[in-house]
Amino acid sequence: MATFKTRKPVDPHVLMLDVTGSERISPNVVRVTLGGEGLERFTPLGFDQWFRLFLPRPGQDTLKLPTRTSGLWYAQYLATAKPKRPFVRNYTVRGFRPGALDIDFVVHVEPDGASGPAATFALNAKPGDQVGLLDQGVGYNPRHDHDWTLLVADETGLPAVAGICASLPEDARGLAIVELPSLEDRQEFRVPAGVTLSWVARDGGHGVPGQLALEALRAAELPAGAVYAYLVGESALVTGGRRHLVEQHQVPKGNVDFIGYWRHGHAAM
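Draft legend 1. Expanded view of the sheet that holds strand β6 (residues 100-106). One open sheet accounts for seven strands, arranged β4-β3-β7-β1-β2-β6-β5; its pairing is antiparallel. The outermost strands of the open sheet, each flanked by one partner alone, are β4 (87-92) and β5 (95-97). Along the sheet, successive strands turn relative to each other by an average axial angle of 35°, direction set aside. Here strand β3 (residues 49-55) pairs with strand β7 (residues 130-138) via six bridges, running antiparallel. Pairing of Q49 across the sheet is with V138, part of β7.

In structure tokens:
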């Protein structure tokens with residue numbers, strides 16, 4: 001995911017969790033809430049804490065999860081026969097409170113009714129369904145002094161922006177640009193008074209995801225001073241945004257971290 005050193009999780013375990021509720025909170029987002037005894041072993045870290053989410057394949061009676069928590073989990077996963085392997089996707093904590101962890105799924109359904117494994121799960125999730133979760137830590141990781149923060153994301157990065165804004169100190173200054181499929185997908189969350197939150201939307205579904213956010217970044221008047229920039233979402237958005245900051249604003253490469261969550265036109269494996 002990241003090309004830089006992320007902050008590690010605290011004592012991670014592969015947890016078996018239960019769906020306790022689900023709700024379509026906006027036209028393109030379904031929020032699924034997880035709970036269960038396994039959640040007692042999860043340590044919330046704030047910011048853009050992310051995790052591996054293990055989802056059952058169609059026809060699976062039981063969810064077969066890895067037992068290793070280091071990088072060896074993947075070797076163990078691959079050693080499992082494919083029909084018994086769960087789907088694995090990466091997600092960010094949208095909300096956490098005692099006994100409950102919220103995940104926001106961006107759902108897209110093709111004209112023929114087809115959707116990816118994660119969207120299908122979210123659209124059909126019901127209380128009692130089981131999933132697996134392996135904490136992976138925090139991506140947002142400033143490693144130098146900075147005067148202000150820049151956040152740029154598409155809809156898949158909205159939970160990261162929300163978590164980071166909620167975790168920033170009260171005196172933080174900065175700019176957050178978030179692109180959404182529709183302005184109806186906007187969400188309320190705590191934003192420090194010195195951080196400007198700007199929404200841009202592809203209303204009508206037109207355009208390549210991330211394009212409007214990149215255009216908004218290029219057109220923005222950036223504050224003076226040293227910046228820590230954190231760009232997450234579609235691959236062309238985050239690489240193009242980094243290139244713009246480095247070439248047009250002479251931001252040192254070490255001041256810009258970026259994570260390509262997905263690539264337009266390429267389905268997740």
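Structure's up, so let's keep going.
Draft legend 2. Broad picture of the nonpolar core. V32, L53 and F105 are the most contacted members of the largest nonpolar core, which totals 25 residues. Counting residues per element, the ones that place at least two in this core are β1 (14-26), β2 (29-35), β3, β4, β6, α2 (117-124) and β7. Sort the elements by how many residues they give to this core and α2 lands first, with four residues. Discounting residues that sit within four places of it in the chain, L53 has contacts with L34, F87, V88, R89, Y91, I103, F105, V131 and G132. In this structure, F47, L151, A172 and Y228 belong to the second largest nonpolar core, which totals 23 residues.

Draft legend 3. The packing of aromatic side chains, seen in detail. Tallying each qualifying case throughout the model produces twelve aromatic pairs. Relative to W73, the ring of F54 has its centre 5.5 Å away and its plane inclined at 90°; by these criteria the two rings are edge-to-face. Separated by 19 residues along the polypeptide, F54 in strand β3 and W73 in helix α1 (residues 72-78) bring together distant segments of the chain. For the pair F54 and W73, one class covers both residues: buried.

Draft legend 4. Structural detail: the side chain of T33. Among the secondary structure elements, T33 is positioned in strand β2. Looking at T33, the relative accessible area reads 14%, which means it is buried.

Draft legend 5. Structural context of the packing of helix α4 (residues 211-219) against helix α5 (residues 235-248). Put simply, α4 and α5 touch, their axes get as near as 9 Å, and they point 10° apart. As judged from the angle between their axes, α4 and α5 are roughly parallel. On α5, the residues that touch A213, L214, L217 and R218 of α4 are A236, L237, G240, G241, H244 and L245. Its residues assigned to classes, the contact of α4 with α5 shows six nonpolar, three polar and one charged.

Here is what the cut-offs are and how they apply
Residues numbered from 1 in each chain as written. Predicted model: local features only at pLDDT ≥ 70, side-chain atom pairs only at ≥ 80, totals over all residues. Heavy atoms only, no water. Pairing = 2+ DSSP bridges. Helix = DSSP H or I, 4+ residues; strand = E, 2+ residues; numbered from the N terminus. Axes fitted to C-alpha atoms, helices over the stretch in contact; angles between N-to-C directions. Core = buried A, V, L, I, M, F, W, Y, C linked by side-chain atoms within 4.5 Å. Buried < 20%, exposed > 50% of the residue type's maximum accessible area, 1.4 Å probe, protein only. Contact = heavy atoms within 4.5 Å. Phe/Tyr/Trp six-rings, centres within 6.5 Å; stacked < 30°, edge-to-face > 60°. Parallel < 35°, antiparallel > 145°, perpendicular 65-115°, else oblique. Nonpolar A, V, L, I, M, F, W, Y, C, P; charged D, E, K, R; others polar.

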